[in-house]
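Below, each chain spelled out in residue letters.
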Amino acid sequence: MPQNTRLSAADPGLPSARLDDLHDCLSLALDVTERRGGYSQAEREARSYLRAAMRQTRRLMADQIGGRA
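Residues numbered from 1 in each chain as written. Predicted model: local features only at pLDDT ≥ 70, side-chain atom pairs only at ≥ 80, totals over all residues. Heavy atoms only, no water.

Q: Please explain the overall build of the chain as it appears in this structure.
A: Within the chain one finds 2 helices and 0 strands. Per-residue burial over the chain gives 10% buried out of 69 residues. Excluding contacts between residues fewer than 6 apart, the proportion of contacts in the chain whose partners are at least 24 apart in sequence is 54%. Total accessible area on the chain is roughly 5,700 Å²; 55% of this is exposed by carbon and sulfur atoms. (Helix = DSSP H or I, 4+ residues; strand = E, 2+ residues; numbered from the N terminus. Buried < 20%, exposed > 50% of the residue type's maximum accessible area, 1.4 Å probe, protein only. Contact = heavy atoms within 4.5 Å. Areas by Shrake-Rupley, 256 points an atom, 1.4 Å probe, with all protein chains shown as cover.)

Q: What exactly am I supposed to notice about the environment of R47 here?
A: Here R47 shows up in helix α2 (residues 41-65). For the pair formed by R47 and L26, sequence separation is 21 residues and the distance between their alpha carbons is 9.7 Å. Those residues in contact with R47, other than ones at most four positions away along the chain, are L30, T33, E34 and Y39.

Q: Sorry, what's going on with the environment of Y49 here?
A: With respect to the helices, strands and loops of the structure, Y49 is situated in helix α2. Y49 sits in the exposed class, given a relative accessible area of 55%. In this structure, the C-alpha to C-alpha distance between Y49 and L26, residues 23 residues apart in sequence, is 9.9 Å.

Q: Please explain a positive patch on the surface as it appears in this structure.
A: Judged by side-chain charge, R51, R55, R58 and R59 come together as a positively charged surface patch. Its location among the elements puts R58 in helix α2. (Patch = residues over 30% accessible without salt bridge, like charges linked within 9 Å, V, L, I, M, F, W, Y side chains within 5 Å. Salt bridge = Lys/Arg side-chain N within 4 Å of Asp/Glu carboxyl O. Lys, Arg positive; Asp, Glu negative; His and termini not counted. Charge placed at Lys NZ, Arg CZ, Asp CG, Glu CD.)

Q: Explain the pattern of salt bridges here, please?
A: Proximity of charged atoms lets side chains of opposite charge pair with each other. Under the defined criterion, the tally for this structure stands at 1 salt bridge. Across the pair E43 and R35 runs a salt bridge, and its minimum N-O distance is 2.3 Å. Residue E43 is classed as partly exposed on the basis of its relative accessible area, which comes to 29%.

Q: Before we go on, may I ask you to explain α2 in this structure?
A: Residues spaced three or four apart along an α-helix point in a common direction, a consequence of the helix completing one turn every 3.6 residues. Under the 1.5 Å per step criterion, the end-to-end length of α2 is 36 Å for 25 residues, consistent within 8% with the ideal 36 Å. On the buried face of α2, the contacting elements are α1 (16-33). (Expected span 1.5 Å × (residues − 1).)

Q: Honestly, the packing of α1 against α2 in this entry has me stumped. Any pointers?
A: Two numbers describe a pair of packed helices, the interaxial angle and the distance between the axes. Across the interface, α1 lies against α2 with an axial gap of 9 Å and an inter-helix angle of 155°. Put simply, α1 runs roughly antiparallel to α2. Read as a crossing pair, α1 and α2 show a hand that is left-handed. Counted together, S16, L19, D20, L22, H23, L26, S27, A29, L30 and T33 of α1 and R47, L50, R51, A53, M54, T57, R58, L60, M61 and Q64 of α2 form the full contact between these two elements. Considered class by class, the residues forming the contact of α1 with α2 number 10 nonpolar, 6 polar and 4 charged. (Axes fitted to C-alpha atoms, helices over the stretch in contact; angles between N-to-C directions. Parallel < 35°, antiparallel > 145°, perpendicular 65-115°, else oblique. Left-handed = near helix turned anticlockwise from the far one by under 90°. Nonpolar A, V, L, I, M, F, W, Y, C, P; charged D, E, K, R; others polar.)

Given below as structure tokens:
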């Protein structure tokens, strides 16, 4: 029987495995868009958002390890 993986709004946070997956996807997105020739303004901004999302994901992962999630 399929497992119900939906989260309710009352849940304190994402499971650690999902945070790991999010971090990996964000990291891969940065890797595949990296290039030596420089970036347009829109690309710099998009990559900045990716890095910010990675930092937030790392904080959430640290909170879970610290037992605060």
